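The primary structure of each chain is shown beneath.
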Amino acid sequence: MLLLLRKSVPLRFFSRRPLNPFFLPPPSRPRRLPLLPRAAMGSVAGDAARLAYPTARRDDSVVDDYHGVQIPDPYRWLEDPDSEETKEFVAKQAELAETVLAGCLDRENLRREVTRLFDHPRHGAPFRRGNKYFHFHNSGLQAQSVLYMQDHLDGEAEVLVDPNTLSKDGTIALSTYSISEDGKYIAYGLSESGSDWVSIHVMSVADKQPMPDKLSWVKFSSISWTHDGKGFFYGRYPAPREGGELDAGTETNINLNHQIYYHVLGSDQSEDILCWKDPEHPKYTFGASVTEDGQYIILGTYDGCDPVNKLYYCKIASLPRGIEGFRESEEMLPFVKLIDNFDAQYQVVANDGDEFTFLTNKNAPRNKLVRVNIKNPELWTDVLPEHEKDVLESADAVNNNQLLVCYMSDVKHILQIRDISTGNLIHQLPLEIGSVSEISCRREDKEVFIGFTSFLSPGIIYRCNLAPTIPEMKMFREISVPGFDRTSFQVKQVFVSSKDGAKIPMFIMSKKDINLDGSHPTLLYGYGGFNISITPSFSVGRVVLCKNMGFVVCVANIRGGGEYGEDWHKAGALAMKQNCFDDFAACAEFLISGGYTSSRRLCIEGGSNGGLLVAASINQRPDLFGCALAHVGVMDMLRFHKFTIGHAWTTDYGCSDKEEEFQWLIKYSPLHNVRRPWEQSSGDHSQYPATMLLTADHDDRVVPLHSLKLLATLQHVLCTITEDSHQTNPIIGRIDRKSGHGAGRPTQKMIDEAADRYSFMAKMLGAQWTE
């Protein structure tokens, strides 16, 4: 898992956590579920059975031997994104999708209403560097949020970095940033077309003048300045291809040999100092950060996506000639190995000289705080023991000798102030039911800023004064969405019994006082992987679906996520992955038996690992759903590890190179389990739900070949017109251009995609638009 360190990106408050090279958050755009009589389901401008699906060449000579099992891969040619044949396939699929979408009458209604509600100001929590405050702001429909600075919180804000000026279509995004300790310089990373590749640039803050520094081929990296302001640490890969022009983000080359460099301000990248590499373990990824006191460099090493890491340190004062003394040396920095195995996760919370406080899951699947003097590493002390039920999500040192601690209790956040020495509770901060979206603080701060959101709260930034005995928590800014009245909606949490009896939390959002008569179009979202927790958040799209189309919108917190700690994660990973699909099906069945909806009016949606969830679910239970939206999913479970960063996911999935793990994967791999449901039992005329697979040409996280190969397979197996074919529900692909896995997508692209996928869903389920 790839390191995203200390407050370097305005994404999530636990930014010291490693960046998971897989996670795609739930879409903050519309989700819809429409209603139609059975005869009309799947109809697109007439009889769906007459859809002219493109013919894709099948190469039956491509067969792989997996431990004695012969597995055909007839669409292997779609793995080459640059071939003319692949480009022709993509063009024909785009044409088919547009034909289908042109018949979706509420496409423009959705586009108009989502645009209207999206057009509201949004602010990020302010943070301080040097003598200035900084914050992000979007006026409403700006493609990208803008970084502003001001002398004080009530002062006039001026633009520091505006990504909207860098491209006409808004596809260049500010993906990471770090401001030097004295506030004089900002180093920031730009990504193009949604790619994970980043180029780092530097600007002088005072006069906003760009520096000549430009660093290329950066990926999965934070930026961490040394306190002398001379330079910063970052992570990069070797350039994926020598010579010629490369459209970064469209290549599928495996990412190997991550390295940590130190860049000296004003120098060329060729002069950067190599600080760490491990050629014996080319799949490892690394992250380096400077402790808040400026004394130590912390090096984290990661092998995959599990919440485990090695942790080394280097005291900067111990380097006789400083970091720059290693420029002419073939030696790397002399890191001391504090944790040299992958048995647990260790995140630095604070240090007082040689005494460090860590957040860890060592013998604590719900996490705890521990302390150790690194000069005496045999003696570890528990500071805040593991909670009996709740997950310790983050801890930040504040107000010199205190901790701001965030727990997750049944998928809802709790904030506490605790003593940094003893871990004792000092005060619990008042917080509604919802999610802490960001925390802006440093150890010296007596004032912290806390971002909050929920299904019915677009966003609040609290300003918390920790100086008084009882902290003062006041609203600093509140996001207001025109036309949204939270009193018209209701949200409740239920606990669903899964196949094995496990209790699965699920949130249900709808208009108030709906009749449970089984008539409501319903959208069920899930993820279930990589220790990622899907907590309550506001979505303009959800509001539009509930308000204008009568939807019930649900989020299932299935196993595989981190909602209840590492045990919950492992219960949905590796050999236990089937639990994810069983949990999701149980939530769907609950919604049907509880009178919310019926199978023909139920749509499932998920992205990334959630795209896998959706695709596996329609293979296993095609009868249970009326529509499916699978975003950027991992669909070929036998070959995912061969492309870009896919090898990092074997910690959650396993790898087909190993016989036992191949046996797990082949049972649920979406690409390898497409079946004609009407042939599975006599007299059963069921079919697959109407399905849209969504991918993007610059997705170099889960490369497009996954969705393209599954799309070709589904259309061939299900939609080839024969006398016994019962598949009238359409199977289409939406393939976006100049987009990636999801991060950095400009506002207009989010709106357009929402209009497309939800109008498709609405037509397939027969939902009716009401003003």
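Residues numbered from 1 in each chain as written. Predicted model: local features only at pLDDT ≥ 70, side-chain atom pairs only at ≥ 80, totals over all residues. Heavy atoms only, no water.

If you check an unreviewed UniProt entry, the protein chain appears there as Prolyl endopeptidase from Urochloa decumbens.

A closer look at the pattern of salt bridges
The tally for this structure, following the rule as stated, stands at 48 salt bridges. Asp73 is paired through a salt bridge with Arg76; the nearest N and O atoms lie 2.6 Å apart. One exposure class covers both Asp73 and Arg76, and it is buried. Of the charged contacts in the structure, one is a salt bridge between Glu113 and Arg116, with a shortest N-O distance of 2.8 Å. One end of the pair, Glu113, and the other, Arg116, are both in helix 2 (residues 107-118), 3 residues apart, so they sit about a helical turn from each other. Arg116 gets classed as partly exposed once you look at its relative accessible area, which sits at 38%. (Salt bridge = Lys/Arg side-chain N within 4 Å of Asp/Glu carboxyl O. Buried < 20%, exposed > 50% of the residue type's maximum accessible area, 1.4 Å probe, protein only. Helix = DSSP H or I, 4+ residues; strand = E, 2+ residues; numbered from the N terminus.)

Concerning the nonpolar core
Nonpolar side chains tend to gather and get buried jointly when the protein is soluble and globular. Core analysis: the largest hydrophobic core is formed by 130 residues, its most contacted members being Met506, Leu524, Trp649, Tyr653, Leu718, Phe760 and Met761. Top contributing element to this core by residue count: helix 10 (residues 747-765), with 10 residues. Core analysis: the second largest hydrophobic core is formed by 21 residues, Phe233, Ile273, Leu319 and Phe335 among them. (Core = buried A, V, L, I, M, F, W, Y, C linked by side-chain atoms within 4.5 Å.)

Observations concerning unusual backbone geometry
At Asn257, a residue that is not glycine, the phi angle is positive and equals roughly 65°. Within the secondary structure, Asn257 is located in the loop between strand 15 (231-236) and strand 16 (259-264). Accessibility expressed as a relative area gives 29% for Asn257, which makes it partly exposed.

Looking at the environment of Ser221
Mapped onto the elements of the fold, Ser221 is located in the loop between strand 13 (210-218) and strand 14 (224-225). With relative accessibility at 12%, the residue Ser221 sits in the buried group. Spatially, the C-alpha atoms of Ser221 and His258 are 9.9 Å apart, while their sequence positions differ by 37 residues.

Brief notes about the pairing of strand 26 (residues 391-398)
The element strand 26 is largely enclosed, with a buried count of 8 among its 8 residues. What sits between strand 26 and strand 27 (residues 402-409) in their antiparallel hairpin is a turn of 3 residues, with Asn399 showing a positive phi close to 50°. (Pairing = 2+ DSSP bridges.)

A look at the sheet that holds strand 35 (residues 503-511)
Strand order in the open sheet formed by 8 strands is 34-35-37-36-38-39-40-41, with mixed pairing between adjacent strands. Both edges of this open sheet fall to strand 34 (489-497) and strand 41 (731-736), since each of them pairs with a single strand only. Averaged over all pairs of adjacent strands, the angle between their axes in this sheet comes to 20°, without regard to strand direction. Pairing of strand 38 (residues 602-607) with strand 39 (residues 627-631), which is carried by 5 bridges, proceeds in the parallel orientation. Directly across from Glu605, in strand 39, lies its bridge partner Leu629. Where helix 3 (residues 540-549) meets the sheet, its contacts fall on strand 34, strand 35, strand 36 (522-526) and strand 37 (552-556), and the angle it forms with strand 35 comes to roughly 60°. Seen against the sheet, helix 6 (residues 609-620) touches strand 36, strand 38, strand 39 and strand 40 (690-696) and runs at an angle of roughly 145° to strand 38. (Axes fitted to C-alpha atoms, helices over the stretch in contact; angles between N-to-C directions. Contact = heavy atoms within 4.5 Å.)

What to know about helix 3
The periodicity of an α-helix, 3.6 residues per turn, causes residues three or four positions apart to be oriented the same way. Among the 10 residues in helix 3, 9 count as buried, and that is most of the element. Among all positions in helix 3, only Val540, Gly541, Arg542, Val543, Val544, Leu545, Cys546, Asn548 and Met549 are buried. Each element contacted by the buried residues of helix 3 is listed here: helix 2, strand 34, strand 35, strand 36, strand 37 and helix 10. For helix 3, the N-terminal capping position is held by Ser539, with its side-chain oxygen 3.2 Å away from the main-chain nitrogen of Gly541. (Polar contact = N/O pair within 3.5 Å; in protein donor to acceptor, adjacent residues only side chain to side chain.)

Description of helix 1 (residues 84-102)
Under the 1.5 Å per step criterion, the end-to-end length of helix 1 is 27 Å for 19 residues, consistent within 8% with the ideal 27 Å. For helix 1, the complete set of buried residues consists of Thr86, Phe89, Val90, Gln93, Leu96, Ala97, Val100 and Leu101. Buried residues of helix 1, viewed axially, fall in a sector of 130°; they line one side. Every exposed residue of helix 1 that faces more than 90 degrees away from the buried side is listed here: Glu84, Glu95 and Ala102. (Expected span 1.5 Å × (residues − 1). Arc of directions from axis to C-beta.)

A few points about the state of the cysteines
What is meant by a disulfide is a covalent connection between two cysteines, made through their sulfur atoms. Evaluated as defined, the whole model comprises 0 disulfides. The cysteine Cys406 is free of any disulfide, with Cys441 supplying the nearest cysteine sulfur at 11 Å. Residue Cys554 stays outside any disulfide, its sulfur separated by 8.7 Å from that of Cys587, the closest cysteine. (Disulfide = S-S within 2.5 Å.)

A closer look at the sheet that holds strand 26
With antiparallel pairing, 4 strands are arranged side by side in an open sheet as 26-27-28-29. Each having just a single partner strand, strand 26 and strand 29 (425-428) make up the two edges of the open sheet. When the angles between neighbouring strand axes are averaged without regard to direction, this sheet yields 25°. Bridge count between strand 28 (residues 412-419) and strand 29: 3 bridges; the pairing is antiparallel. Note on strand 29: the bridge partner recorded for Arg418 is Leu425.

Things to note about the confidence of the model for the protein chain
Model confidence for the protein chain is summarised by a mean pLDDT of 92, while 92% of its residues fall at 70 or above. Scored below 50 in pLDDT, residues 1-19 shows 86 contacts in the model against residues more than four places distant or in partner chains. (pLDDT = per-residue confidence, 0-100.)

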